[in-house]
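Given next are the chains, with one letter for each unit.
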Amino acid sequence: MLIGVLVGLALGVNIGRNKPLLSNPFAQETFADQVKRLGSETLQQSGKALEKTGQALQGK
């Protein structure tokens, strides 16, 4: 039972961080990886905002 709880905790941490299930849940992300991830997220959010603006303009 204890082993099941530990495995479930590790899998839950990976799911929460959007990482592969069997990766190390306690590995620290390098600075370069953080910059890449944040840049990608920012680009996606900007694209969505631009899309919404384009749809609003088409509606007028």
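## What to know about the layout of surface pockets
Then, in step 1: If you add up the space inside the largest pocket, you get close to 280 Å³.
Then, in step 2: Lining of the largest pocket is provided by Arg17, Asn18, Lys19, Ala27, Gln28, Glu29, Thr30, Asp33, Arg37 and Glu41.
Then, in step 3: Here the lining of the largest pocket is composed, by residue class, of one nonpolar, three polar and six charged.

## As for unusual backbone geometry
Then, in step 1: Phi is positive for Asn18, close to 55 degrees, though the residue is something other than glycine.
Then, in step 2: Mapping Asn18 onto the fold places it in the loop between helix H1 (2-16) and helix H2 (31-59).

The rules behind the values
Residues numbered from 1 in each chain as written. Predicted model: local features only at pLDDT ≥ 70, side-chain atom pairs only at ≥ 80, totals over all residues. Heavy atoms only, no water. 1 Å grid on protein atoms, 1.4 Å probe; cavity = no way out; pocket = protein on both sides within 12 Å on 5 of 7 lines; lining within 4 Å. Points joined across faces, edges and corners; volume = space filled by probe spheres on them. Nonpolar A, V, L, I, M, F, W, Y, C, P; charged D, E, K, R; others polar. Helix = DSSP H or I, 4+ residues; strand = E, 2+ residues; numbered from the N terminus.

Everything listed here is a matter of geometry and, on its own, says nothing about what the molecule does.
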